[in-house]
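Read off the chains here:
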Amino acid sequence: MYRRIIRNDMLKSKLITVTTMIFVTVSAMLVSLSAILVVNLSDAIDTLMKQAKTPHFVQMHSGDIDVARLADFAKRNSYVDEFQVSEFLNVDGAKIVIDGKSLADNIQDNGFSTQSDKFDYLLDLDGKVINASDGEIYVPVGYMKDGTAKVGDEVLVGSKKFTVAGFLRDSQMNSLLASSKRFLVSENDYAAIKDVGSTEYLIEFRLKDLSQISAFETEYISQGLEANGPTITYPLFKMLNAISDGLMIAVILLISVLVLVIAFMCIRFTLLAKIEDDYREIGVMKAIGMRVSDIKKIYLAKYAVIAAIGCILGFALSFLFKGMLLENIRLYMGGSENLSFALLFGIVGILLVFFAIVVYVNGVLRRFRKISAVEAIRFGASQEKNAGAKRFTLTRNRLFNTNIFLGVKDVLARKKLYATMLFVLIISAFIIIVPQNLYNTISSKNFITYMGIGNSDMRIDIQQTDNISEKATEILKTMSNDSAISKYTLLTTKTFNAKMEDGSEERLKIELGDHLMFPVQYSEGRAPRAEDEIAFSVMNAEELNKKVGDTITLVIEGKEKKLTVSGIYSDITNGGKTAKAVFSDHSAEIMWHVIFAELSNQSLIDRKVSEYADKFNYAKVSDIDEYIKQTYGSTISSVKKASLTAIAVALMITVLVTLLFMKMLVAKDRYSIAVMKSLGFTNSDITIQYVTRSVFVLIVGIVIGTLLANTLGEVLASAVISSFGASSFDFVVHPISTYLLCPLMMICAVLIATIIGTSRAGQIKLSENIKE
C-alpha cells in the first residue's frame, strides 16, 4: 500500500519531488566529499610522514657546529630515539638555472642535500626513498606543478650540470609556506658544488614519545646547544602540509551544512504545502479513528524514499568529483593507504544526512496532533490569519503602483509563508559571500600581516653571509640616498635566554627594531613601543603561558631585564615561535636581518627589486606581491576553487527554491488569482505582483545575508584560519563583488525562476476556481 501511495504522490508532484531530491543529493554529495577529503588528507599526511620518518624536532643552524657535543647530548638524553645532523647547502637563486631560466626571482631558500642515513628521507612520487646517481638531480614537487621543471631538463648549479631525473616529496618542506626547498643530489655531486653556496645544518631528533616534544625542547635549550636558526617541531610540519587543502575542505564542509539546512527548509515548506492540500483527507482519517502515527507513516515513507535516493545519488556523485579535489593532495603527499576507511566515512556522512532528514520530517509531522478533524472536514484548509499589514493600505499608498503595492502587501500579510523563502535566500547570499570574502582576504596584500610579516613593497633578507651588520648598513645607506624609497626599516633577529618562574630558562628568538612602521596584526594588545615591552607570537605566548600585561625576565650579559607583554600576534614564520621588542642590544649574535621598504611610486617596484638584487647579491630581495604569490599561491588557488563552487551551488539553490516556491504559491493562490482576473487584472499584472513578492523577499534576504556574512561568516572563517596560524583577522570585502555582482546574480536567478514559476498563473480559469 505504501509503495503505491508513494509512487502516485511522486508522479503527481514531480517538481517538488525532483527539487527536494536535488537538494538532498547536493547536500549528501558535499558531506560525503568533505568526509572523504578529510580522511584522505589526514591519512596522506600521516603516510608521507611515516614513510619519510619525519623528525619530531628540528633545529636549523648556521655557523660553527659541534657535532660531537650534540651526539653526546642525544646519547645521554632519555627522550631521544634517533639523532642526526643533515647538511643543507643554501644556494642563491641566481646560481640555479633550470632549463635556461634562473631562480633569481624565487623567494624560497633553495638548497641541496644528500639522502639522509637514518630518517628524514626525501621520497619519489611513488613514496620510495630516492637514491640519486651522479649527474642526477631530484627537484621539489612544487616546481613540477608550477611548470618550473620537468623530467629531462638541464639544471645548472654554478658551473655544474645536472639532469632532472624526477621529483621529490619532502615531508618538512613540501608546503609553499615552508620558506626552504631541498633539491636532492648524490654525495659526490654535493661535494662538487659545496663552494657554490653556504652550509646550514638541520639538527634533527626523533623522540621515543612524541608528547614529550616540549620537555625535550626545554632540555635542548638549557644545554646551550646550537640554535642559530628557526626551531620547528612535528606538529608544525603537519600543519604546514595540511593548510592549503584543509582550507578548501573547511569551505566545502561549511557549504554542505548550509545546503543541508536549505534542504530542511524546502522539505518543511513542501511538506506543509502537501499537508494543506490534504487537509480535508487528514481530517477524515482522524475522524474514522486512524492513529496519528499511522497517518505520519504515509508522509514519512515518501520523504524517507526521497532522502534515500538523494543520499545514494550524492554518494555516487562524490566519487565523480573527488578525483579532481584529491589531485593536489595526491601530488604533494601521495595517496591514502586507507581507501576503505575514507569510503566508510563517506557512507557515515550520507547516513547522517539520511537520518537527520527522517528525524526532521518526523518533527514537522507532529503538527498532525494539532489538526482538528471537525475544522479540517468543515473548511478543508487551515485558517490563515493575515496580520501584519493592516497599516499598509492602498488608500495611503503614494510610492508604488497597484501591482507592486499588492505584491509587497501579500508578503507582509503572510510573513510565515514567505519566511522559508527568505531564510533560503539569506543562506544563499551567505554561501556566495563568505567564501568570496575569505578568498579576497587571503589573496589580499594585507593578509601577510596576519601571518607575522609586515606589509611593504620590497623585502630584503640578509643571512648566511659574513659581516652581516656591515652589509645591512651598506643597503640602508643606499636606501637613504634613493629618492624612490619613501620609508624603510631594519629588523634584527637575535637569541636571548628568558628566565621562567620555575627557575628554568627558555631561549627566545626576538626581532628587534621599529615594529610600528610596517606593523603586523595583533589579536590582542599592540606592538611594543617602549624598551621594557615585548610582544609574542600566538604559539610562543601559549607555550610560555603569557598574556598581555604579564612580565618576562630576559638574561642579557648576565643581567636580568624585565619586560611587559604588550601584545600577541599571529605568525607562521620561523617555526611560529617569535617575539618582537625595541630595546637596543650589542651583546647577542645576529641571526639575520630583514629590511622592509615602501616605494613612493608603485610602478617602480619591479625595477627596484631587480636593481637591489643585482647590486647586493648576498641578499634575497623580494617583491612582496610575488612573495605572497609564491608563499600562499596553493592556498589561494584552493580557496578560489571552493568559492567558485559555492557561487554555482548558491545560484542553483536560488533558482530551484524560487521556482518551487512560485509554482506552489500559484497553486495555493488559484482562488485569489481567479478573483483578480474577474476584476480586470491582466496576466502581466499578476506576473508583476509575483515578481514584486520575489524581489522584495530577495532584497531583505540579501541585506540580512550580507550582514551575517560579514559578521557571523567572519567569526566562522576566523575559527578555521586560526587553526592554521592566524589567530584573528578581518574580512577584506570587495564592494563591487559583494554589494553589486553577487546581488545582481541572485536577482537575475530569482527573476528568471519567478517568471517561469508563475507562467501558469495566466492559464487559471475563473469558472474552475471561483466558488461560493
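The structure displayed is predicted, hence computed values, not measured ones.

### Considerations on the overall build of the protein chain
Line of reasoning, step 1. Scanning the protein chain from terminus to terminus reveals 21 helices and 21 strands.
Line of reasoning, step 2. A buried classification covers 54% of the 772 residues belonging to the protein chain.
Line of reasoning, step 3. Restricting the contact set of the protein chain to residue pairs at least 6 apart, pairs at least 24 apart contribute 82%.
Line of reasoning, step 4. Accessible surface for the protein chain amounts to roughly 34,000 Å². Of this, 56% is attributable to carbon and sulfur atoms.
Line of reasoning, step 5. Once the 82 positive and 80 negative side-chain charges of the protein chain are each reduced to a mean point, those two points are 17 Å apart.

### A look at the packing of helix 13 (residues 415-443) against helix 20 (residues 735-757)
Line of reasoning, step 1. Direction vectors running N to C along helix 13 and helix 20 enclose 140°, while the axes themselves pass 11 Å from each other. Judged by the angle between their axes, helix 13 and helix 20 are oblique. Two packed elements cross with a definite hand, and for helix 13 against helix 20 that hand is right-handed. For the pair formed by helix 13 and helix 20, the contact residues are Leu 425, Ser 428, Ala 429, Ile 432, Ile 433, Gln 436 and Asn 437 on the first element and Ser 737, Thr 738, Cys 742, Met 746 and Val 750 on the second.
Line of reasoning, step 2. For the contact of helix 13 with helix 20, the per-class residue count stands at seven nonpolar, five polar and no charged.

### What to know about the nonpolar core
Line of reasoning, step 1. Among the nonpolar cores identified, the biggest contains 152 residues, and Phe 205, Tyr 220, Ile 262, Ile 431 and Ile 653 are the most heavily contacted of them.
Line of reasoning, step 2. Top contributing element to this core by residue count: helix 7 (residues 234-277), with 27 residues.
Line of reasoning, step 3. When sequence neighbours within four positions are dropped, the list of residues in contact with Tyr 220 reads Phe 57, Gln 59, Leu 70, Phe 73, Ile 203, Phe 205, Leu 225 and Glu 226.

### What to know about the environment of Gln 59
Line of reasoning, step 1. One can find Gln 59 in strand 1 (residues 57-62).
Line of reasoning, step 2. Given the relative accessible area of 2%, Gln 59 is considered buried.
Line of reasoning, step 3. The contact partners of Gln 59, leaving out residues within four places of it in the chain, are Tyr 201, Leu 202, Ile 203, Tyr 220, Glu 226, Ala 227, Asn 228, Gly 229, Pro 230, Thr 231 and Lys 509.
Line of reasoning, step 4. A distance of 3.4 Å separates the side chain of Gln 59 from the backbone oxygen of Pro 230, its partner in a polar contact.

### Re the packing of helix 17 (residues 624-668) against helix 20
Line of reasoning, step 1. Viewed as axis vectors pointing N to C, helix 17 and helix 20 meet at an angle of 30°, and their least axial separation amounts to 8 Å. By the angle between their axes, helix 17 is roughly parallel relative to helix 20. Note that helix 17 runs across helix 20; the crossing there is right-handed. Taking contact as the criterion, the partners of Ile 647, Leu 651, Thr 654, Val 655, Thr 658, Leu 659, Met 662, Lys 663 and Val 666 in helix 17 are, on helix 20, Met 745, Met 746, Ala 749, Val 750, Ala 753, Thr 754, Ile 756 and Gly 757.

### Remarks on the environment of Tyr 569
Line of reasoning, step 1. Relative to the assigned elements, Tyr 569 resides in strand 18 (residues 559-569).
Line of reasoning, step 2. Relative accessible area serves as the criterion here: at 0%, Tyr 569 is assigned to the buried category.
Line of reasoning, step 3. When the C-alpha atoms of Tyr 569 and Met 451 are compared, they prove to be 8.2 Å apart, with 118 residues separating the residues in sequence.
Line of reasoning, step 4. Not counting chain neighbours up to four residues away, the residues in contact with Tyr 569 comprise Val 520, Gln 521, Tyr 522, Ser 523, Ala 535, Phe 536, Ser 537, Val 538, Thr 578, Ala 579 and Lys 580.
Line of reasoning, step 5. Polar contacts involving the side chain of Tyr 569 include one to the main-chain amide nitrogen of Ala 579, which spans 3.2 Å.

### Regarding the pairing of strand 6 (residues 136-140)
A regular strand places its side chains so that they alternate between the two faces of the sheet.
Line of reasoning, step 1. With respect to burial, strand 6 is a largely interior element, four of its five residues being buried.
Line of reasoning, step 2. In this structure, strand 6 lies alongside strand 8 (residues 160-168), joined through five bridges in parallel fashion. The partner of Glu 136 across the bridge, within strand 8, is Thr 163.

### Some words on a nonpolar patch on the surface
Line of reasoning, step 1. A contiguous nonpolar patch, built from Ile 699, Val 700, Val 703, Ile 704, Leu 707, Leu 708, Leu 712, Val 715 and Leu 716 and spanning about 710 Å² of accessible area, is present on the exposed surface.
Line of reasoning, step 2. When you line up the elements, Val 700 lands in helix 19 (residues 683-722).

### Overview of the confidence of the model for the protein chain
Close inspection of predicted coordinates is inappropriate in any region flagged by low pLDDT.
Line of reasoning, step 1. Considering every residue of the protein chain, the mean pLDDT works out to 83; 91% of them sit at 70 or more.
Line of reasoning, step 2. The least confident element of the protein chain is helix 21 (residues 766-769), whose mean pLDDT is 53; the most confident is strand 6, at 95.

### Topic: the side chain of His 593
Line of reasoning, step 1. Considering the arrangement of structural elements, one finds His 593 in strand 20 (residues 590-599).
Line of reasoning, step 2. For His 593, the side chain forms a polar contact with the side chain of Thr 492, separated by 2.9 Å.
Line of reasoning, step 3. When neighbours within four sequence positions are excluded, His 593 is seen to be in contact with Ile 460, Asp 461, Ile 462, Ile 468, Ser 469, Ala 472, Leu 490, Leu 491 and Thr 492.

### A few points about the pattern of salt bridges
Line of reasoning, step 1. Counted by the stated rule, this structure contains 22 salt bridges.
Line of reasoning, step 2. Of the charged contacts in the structure, one is a salt bridge between Lys 620 and Asp 109, with a shortest N-O distance of 2.9 Å. Taken together, the residues Lys 620 in strand 21 (residues 620-623) and Asp 109 in strand 5 (residues 109-113) connect sequence positions 511 residues apart. We note that Lys 620, like Asp 109, is buried.
Line of reasoning, step 3. Glu 533 is the partner of Arg 526 in a salt bridge, and the nearest nitrogen-oxygen pair spans 2.7 Å.

### A few points about the packing of aromatic side chains
Line of reasoning, step 1. Throughout the structure, instances matching the rule amount to 22 aromatic pairs.
Line of reasoning, step 2. Judged by centre distance (6.2 Å) and plane angle (45°), the ring pair of Phe 518 and Phe 596 falls under tilted. Taken as a pair, Phe 518 in the loop between strand 14 (505-512) and strand 15 (522-525) and Phe 596 in strand 20 lie far apart in primary sequence, 78 residues in all. The residues Phe 518 and Phe 596 share a single accessibility class, namely buried.
Line of reasoning, step 3. The positively charged end of Lys 487 is found above the aromatic ring belonging to Phe 518, 5.2 Å away from the centroid.

### Section: helix 6 (residues 213-222)
Line of reasoning, step 1. Of all the positions in helix 6, only Ile 213, Phe 216, Glu 217, Tyr 220 and Ile 221 are classed as buried. In a view along the axis of helix 6, the buried residues occupy a sector of 135°, so they form one face of it.
Line of reasoning, step 2. Just downstream of helix 6 lies Gly 224, where phi reads positive at about 65°.

### Thoughts on the pairing of strand 13 (residues 485-499)
Line of reasoning, step 1. Relative to strand 20, strand 13 runs antiparallel, the two sharing nine bridges. Within strand 20, the residue paired with Lys 494 across the bridge is Ile 590.
Line of reasoning, step 2. The sheet contact formed by strand 13 and strand 14 spans eight bridges and is antiparallel. The residue bridging Thr 492 from the neighbouring strand is Leu 512, located in strand 14.
Line of reasoning, step 3. Turn length for the strand 13-strand 14 hairpin, with the two strands adjacent in sequence and antiparallel, is five residues, and the turn residue Gly 503 shows positive phi of about 95°.

### Things to note about helix 2 (residues 14-52)
Line of reasoning, step 1. Given a rise of 1.5 Å per residue, 39 residues ought to cover 57 Å, and the 55 Å separating the end C-alpha atoms of helix 2 matches this to within 8%.
Line of reasoning, step 2. Of all 39 residues that make up helix 2, 30 are buried, and the element is covered over most of its length.

### Considering the side chain of Asp 461
Line of reasoning, step 1. As for its placement among the helices and strands, Asp 461 is situated in strand 12 (residues 458-462).
Line of reasoning, step 2. Side chain to side chain, Asp 461 and Arg 459 meet in a polar contact 2.9 Å long.
Line of reasoning, step 3. Leaving out residues up to four positions away in the same chain, Asp 461 has contacts with His 593, Val 594, Ala 619 and Lys 620.

### Structural notes on unusual backbone geometry
Peptide bonds are mostly trans, and most non-glycine residues show a negative phi.
Line of reasoning, step 1. Its identity is not glycine, yet Lys 53 carries a phi of approximately 50°, on the positive side.
Line of reasoning, step 2. Classification of Lys 53 by relative accessible area gives partly exposed; the value is 26%.
Line of reasoning, step 3. At Asp 120, a position not held by glycine, the phi torsion is positive, near 55°.
Line of reasoning, step 4. Relative to the assigned elements, Asp 120 resides in the loop between strand 5 and strand 6.
Line of reasoning, step 5. Asp 120 gets classed as buried once you look at its relative accessible area, which sits at 0%.

Parameters and conventions
Residues numbered from 1 in each chain as written. Predicted model: local features only at pLDDT ≥ 70, side-chain atom pairs only at ≥ 80, totals over all residues. Heavy atoms only, no water. Helix = DSSP H or I, 4+ residues; strand = E, 2+ residues; numbered from the N terminus. Buried < 20%, exposed > 50% of the residue type's maximum accessible area, 1.4 Å probe, protein only. Contact = heavy atoms within 4.5 Å. Areas by Shrake-Rupley, 256 points an atom, 1.4 Å probe, with all protein chains shown as cover. Lys, Arg positive; Asp, Glu negative; His and termini not counted. Charge placed at Lys NZ, Arg CZ, Asp CG, Glu CD. Axes fitted to C-alpha atoms, helices over the stretch in contact; angles between N-to-C directions. Parallel < 35°, antiparallel > 145°, perpendicular 65-115°, else oblique. Left-handed = near helix turned anticlockwise from the far one by under 90°. Nonpolar A, V, L, I, M, F, W, Y, C, P; charged D, E, K, R; others polar. Core = buried A, V, L, I, M, F, W, Y, C linked by side-chain atoms within 4.5 Å. Polar contact = N/O pair within 3.5 Å; in protein donor to acceptor, adjacent residues only side chain to side chain. Pairing = 2+ DSSP bridges. Patch = residues over 30% accessible without salt bridge, like charges linked within 9 Å, V, L, I, M, F, W, Y side chains within 5 Å. Salt bridge = Lys/Arg side-chain N within 4 Å of Asp/Glu carboxyl O. pLDDT = per-residue confidence, 0-100. Phe/Tyr/Trp six-rings, centres within 6.5 Å; stacked < 30°, edge-to-face > 60°. Lys NZ or Arg CZ within 6 Å of the ring centre and 35° of its normal. Arc of directions from axis to C-beta. Expected span 1.5 Å × (residues − 1).

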